[in-house]
Amino acid sequence: PLTLEEVRMLVELFYLPYHHGALAQELLEHFRWLRANSLSVGVPATAPDACGGTRWRGRAQSFQLLCARTCRLHSRFVSTAGRALLYDLHPYLWDIRNMLLAASAFVLWLGCQSITAPILLGRDAEPWARRGGLFGELQALLPVGNSCDLFYHPPPLFPSSQLYLLRPLLPLDKVGAVPWRGCSEVSQGLRAQLSRAPALAGRLLGSFLSLSPEYTFVLEDEGGPCGYAAGALHAEGFLQQRDSSWLPAIRHKYPPDLGTGGPALGQDALEEAVLFFHEEQLAVPQPVLRRFPSLVQLGTAPRVLDVGASRSLALCLLSALRANGSRGVFCQVSDADRQQLSFYSKLG
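Here the structure is a predicted model, which is why all the values come from computation and not from measurement.

Thresholds applied
- Along each chain, residue indices are assigned from 1 in the same order as the chain's sequence is written.
- In view of the model being predicted, local features appear only for residues whose pLDDT reaches at least 70, and side-chain atom pairs are presented and counted only at 80 or more, with totals across whole chains, interfaces and linings using the full set of residues.
- Processing note: side-chain calculations cover all non-hydrogen atoms of the structure and skip hydrogens and water entirely.
- A run of H or I in DSSP counts as a helix once it spans at least four residues, and a run of E counts as a strand once it spans at least two, with each numbered from the N terminus.
- Relative accessibility thresholds used throughout: buried, under 20% of the residue-type maximum; exposed, over 50%; partly exposed, between the two (1.4 Å probe, protein chains only).
- Contacts are assigned to residue pairs that have any heavy atoms within 4.5 Å of one another.
- The definition of a nonpolar core used throughout is a set of buried Ala, Val, Leu, Ile, Met, Phe, Trp, Tyr and Cys residues joined through side-chain atoms within 4.5 Å.
- Angular values range over 0 to 180 degrees, each being the angle between N-to-C directions of two axes fitted as lines to C-alpha atoms, with helices fitted over their stretch in contact.
- Handedness of a crossing follows from how the near helix is turned relative to the far one, being left-handed for an anticlockwise turn of less than a right angle and right-handed for a clockwise one.
- Asp, Glu, Lys and Arg are counted as charged, while Ala, Val, Leu, Ile, Met, Phe, Trp, Tyr, Cys and Pro are counted as nonpolar; the rest, among them Gly, fall into the polar class.
- A carboxyl oxygen of Asp or Glu within 4 Å of a side-chain nitrogen of Lys or Arg is what we treat as a salt bridge.
- Any two strands between which DSSP finds at least two bridges are classified as paired.

> What is the right way to look at the overall build of the protein in this model?
Per the secondary structure count, the protein includes 12 helices and 5 strands. Looking at the protein as a whole, 48% of its 348 residues qualify as buried. Expressed as a percentage of contacts within the protein between residues at least 6 apart in sequence, the contacts between residues at least 24 apart total 74%.

Here you go:
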């Protein structure tokens, strides 16, 4: 059964309509402070403001631990609560879990990025786009603007106790990369997948890993990496660089006849990946680039049945792009790729 401490956490998350419990208040205070003081991150250890960065990272770690405790509470609640109580309270706890997955990854991104500290935007969403309670206050702190469709998904019919971790891509995820200062975690599963199937991984994420790693996020469950979100802040420059430098290099590395040798990875999959590199890339119309200056790409493994985890991926990527000034995003999907079309449609 749930412990007394877990029951207390549950009560504090949904204390009163206009009054939060201690846990919820602590989450909000940490998140507000971290967002307001993010410019103190990234200073060299010898700089005069090094203590500011140390304090920021300390509070970020406290925020991460609170988020992790809340996500574990969701998992434990699904596993142990009686059916009647579960179906009454699960939609609210599921919403909070998804929001904290995105908020936790966004804070990690603020602390790990190698680009200039972002300019966090004010509250520019319409009032009707906000919900009440703790969920609404956390929503207001993520700089996603009016992307309100992402916040209104019904909970799954069959609640899952699966635990997820959402985080920025770390340099050691890419084989042979040098770690950014302050980020020491390593996802061995993702590294192994990239090293076993470089051509397949290159088709999926290669251009983003090479040209825009700052806007790449990884979703993990107990089985390892199970989803990703990647973006490019300035899509026009990104696509030009991809076509002029990255694609020629990758075509040289993977010639058209590479897929004919019967590899262990799977003949059809490798041939398809290699042919993808040698196809002529479609140009994005200028009106699209002017109105939607950023490019995004998301995907999850078939085992991720919880749309909330996918939604958290999208929220985190949009927050990172929006924090650095993006006013719109687009994605490129083949009209024959029913799986991806369905995935993006479910996100709203």
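> What is the right way to look at the side chain of Ser-212 in this model?
With respect to the helices and strands, Ser-212 occurs in the loop between helix H7 (198–211) and strand E2 (216–221). Every residue in contact with Ser-212, bar those within four places of it in the chain, is listed here: Ser-207, Gly-231, Ala-232 and Phe-238.

> What am I meant to see in the nonpolar core here?
Side chains of nonpolar character tend, in soluble globular proteins, to be buried together. Phe-31 and Phe-217 are the most contacted members of the largest nonpolar core, which has 66 residues in total. Among the elements that take part in this core, helix H4 (residues 83–112) stands out by supplying 13 residues, more than any other. Counting residues in hydrophobic clusters, the runner-up holds 15 residues, among them Val-218, Ala-230, Ala-232 and Val-284.

> So what exactly am I meant to see when it comes to the packing of helix H2 (residues 22–36) against H4 here?
Two quantities define a packed helix pair, namely the angle between the axes and the distance from one axis to the other. At a minimum axis distance of 11 Å, the contact between H2 and H4 shows a crossing angle of 35°. Considering how the two elements wind past one another, H2 and H4 form a crossing that is left-handed. Across the interface between the two elements, Leu-27, Phe-31 and Leu-34 from H2 touch Leu-100, Ala-103, Phe-106, Val-107 and Leu-110 from H4. Of the residues contributing to the contact of H2 with H4, the split by class is 8 nonpolar, no polar and no charged.

> Got a minute to help me understand the packing of H4 against helix H11 (residues 307–323) in this structure?
Interhelical geometry of H4 versus H11 gives an angle of 35° and a closest axis separation of 9 Å. In terms of crossing hand, the pair formed by H4 and H11 is right-handed. Each of Trp-94, Asp-95, Asn-98, Leu-101, Ala-102, Ala-105, Phe-106 and Trp-109 in H4 lies in contact with H11, whose residues at this interface are Val-307, Gly-308, Ala-309, Arg-311, Ser-312, Leu-315, Cys-316, Ser-319, Ala-320 and Ala-323. Residue classes in the contact of H4 with H11 are distributed as 12 nonpolar, 4 polar and 2 charged.

> Got a minute to help me understand the pattern of salt bridges in this structure?
Opposite charge on two side chains permits pairing when their charged atoms draw close. Summed over all chains, the structure comprises 9 salt bridges. We note a salt bridge from Glu-5 to Arg-8, for which the minimum N-O separation is 3.0 Å. Placement of the pair is Glu-5 and Arg-8 together in helix H1 (residues 4–13), with a separation of 3 residues, close to one helical turn. Overall, the relative accessible area of 40% leaves Arg-8 in the partly exposed class. Between Arg-97 and Asp-306 there is a salt bridge whose closest N-O contact spans 2.6 Å.

> Got a minute to help me understand the sheet that holds strand E5 (residues 329–330) in this structure?
Within a beta sheet, neighbouring strands are joined by backbone hydrogen bonds and run either parallel or antiparallel to one another. The strand order across the open sheet formed by 5 strands is E1-E2-E3-E4-E5, and the pairing between neighbours is mixed. A strand with exactly one partner marks an edge of an open sheet, and here the two such strands are strand E1 (165–168) and E5. Inspection of the sheet shows strand E4 (residues 294–300) paired to E5 by 2 bridges, in the parallel sense. Each bridged residue has a counterpart across the sheet, and for Ser-294 the counterpart in E5 is Val-329. On top of the sheet, H4 reaches E1 and E2; it is set at about 25° to E1, its chief contact. Lying on the sheet, H11 is in contact with E1, E2, strand E3 (224–232), E4 and E5; it crosses E4 at an angle near 160°.

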